[in-house]
Amino acid sequence: VQLQASGGGLVQPGGSLRLSCAASGRTFSTLTVAWFRQAPEKEREFVAALWRRADGTYYADSVKGRFTISRDNAKRTVDLQMNSLKPEDTAVYYCAADSGMILSSLTIATNYDYWGQGTQVTVSS
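Residues numbered from 1 in each chain as written. Predicted model: local features only at pLDDT ≥ 70, side-chain atom pairs only at ≥ 80, totals over all residues. Heavy atoms only, no water.

Enquirer: How should the overall build of the chain be read in this particular structure?
Expert: The secondary structure content of the chain amounts to zero helices and eleven strands. Secondary structure elements of the chain occur, N-terminal to C-terminal, as β-β-β-β-β-β-β-β-β-β-β. Relative to the 2.2 N^0.38 estimate, which gives 14 Å for 125 residues, the radius of gyration of the chain is 13 Å and therefore close to what a compact globule would have. The dimensions of the chain, computed from C-alpha atoms along their principal axes, are 40 × 30 × 25 Å. Considering the chain as a whole, with its 125 residues, one finds that 44% of them fall into the buried category. Considering only intrachain contacts with a sequence separation of at least 6, the fraction spanning at least 24 residues in the chain is 59%. Total accessible area on the chain stands at roughly 6,200 Å², and carbon and sulfur atoms take up 47% of it. Side chains of the chain carry 13 positive and 11 negative charges; the gap between the two charge centres is 5 Å. (Helix = DSSP H or I, 4+ residues; strand = E, 2+ residues; numbered from the N terminus. Rg over C-alpha atoms; globule rule 2.2 N^0.38 Å. Buried < 20%, exposed > 50% of the residue type's maximum accessible area, 1.4 Å probe, protein only. Contact = heavy atoms within 4.5 Å. Areas by Shrake-Rupley, 256 points an atom, 1.4 Å probe, with all protein chains shown as cover. Lys, Arg positive; Asp, Glu negative; His and termini not counted. Charge placed at Lys NZ, Arg CZ, Asp CG, Glu CD.)

Put into structure tokens, the structure is as follows:
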């Protein structure tokens, strides 16, 4: 599976951005897809995921109510709509995917087999 992330940029606090990740290489609808982020000198952290079964959505507490993850199986894309952005949301955002993910492992980056290249999101006035 190849993943290509796009949509990052510079936005003021309180603003919005929409990230998109395009997938190729295998049946997209059977994959668990997720977004992670990594700020300078910090570990990569879980942001949001869509589990491969039942399309359940899961969010980190820090983004719940502000970010929305969605997928379009026909277009083979997974998007992350980010609203009410804060300076602490500044990071490189990565999309990830995996074919065999179990629910209890969704938030662990090392459990994902496929990664996009990352896109920079900067929230600053």
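Don't stop here, the text continues.
Enquirer: Explain the packing of aromatic side chains to me, please; I cannot follow it from the model alone.
Expert: Here a ring pair, both rings aromatic, is described through the centre-centre distance and the interplanar angle of the planes. According to the stated counting rule, one finds five aromatic pairs in the structure shown. Geometrically, the ring pair formed by phenylalanine 36 and tyrosine 112 is edge-to-face, given 5.3 Å between the ring centres and 75° between the ring planes. Of the two residues, phenylalanine 36 sits in strand β4 (residues 32-38) while tyrosine 112 sits in the loop between β9 (91-98) and β10 (114-115), which places them 76 residues apart along the sequence. Accessibility expressed as a relative area gives 0% for phenylalanine 36, which makes it buried. What makes tyrosine 112 buried here is its relative accessible area of 4%. (Phe/Tyr/Trp six-rings, centres within 6.5 Å; stacked < 30°, edge-to-face > 60°.)

Enquirer: Just to check I follow, could you spell out the side chain of aspartate 79 for this structure?
Expert: Topologically, aspartate 79 is positioned in strand β8 (residues 77-82). One polar contact links aspartate 79 to arginine 18, side chain to side chain, over a distance of 3.2 Å. Separated by 2.8 Å, the side chains of aspartate 79 and serine 20 make a polar contact. (Polar contact = N/O pair within 3.5 Å; in protein donor to acceptor, adjacent residues only side chain to side chain.)

Enquirer: I tried to follow the sheet that holds strand β3 (residues 17-24) on my own but got confused; where do I start?
Expert: Two modes of strand pairing occur in sheets, parallel and antiparallel, and in both the strands are linked by backbone hydrogen bonds. Taken together, four strands build an open sheet; the order of strands is β1-β3-β8-β7 and the sheet is antiparallel. One side of each edge strand has no neighbouring strand; the edge strands of this open sheet are β1 (2-6) and β7 (67-72). Taken pair by pair, the neighbouring strands of this sheet meet at an average axis angle of 15°, ignoring direction. Where β3 meets β8, six bridges bridge the pair, whose relative direction is antiparallel. Paired with cysteine 21 across the strands is valine 78, a residue of β8. (Pairing = 2+ DSSP bridges. Axes fitted to C-alpha atoms, helices over the stretch in contact; angles between N-to-C directions.)

Enquirer: I tried to follow the state of the cysteines on my own but got confused; where do I start?
Expert: Disulfides are covalent bonds that connect the sulfur atoms of two cysteines. With the rule as written, the count across this model stands at one disulfide. The residue that forms a disulfide with cysteine 21 is cysteine 95, at a sulfur-sulfur distance of 2.1 Å. A torsion of 60° about the S-S bond marks the disulfide between cysteine 21 and cysteine 95 as right-handed. Residue cysteine 21 is located in strand β3, and its partner cysteine 95 is located in strand β9; the two are separated by 74 residues in the primary sequence. One exposure class covers both cysteine 21 and cysteine 95, and it is buried. (Disulfide = S-S within 2.5 Å.)

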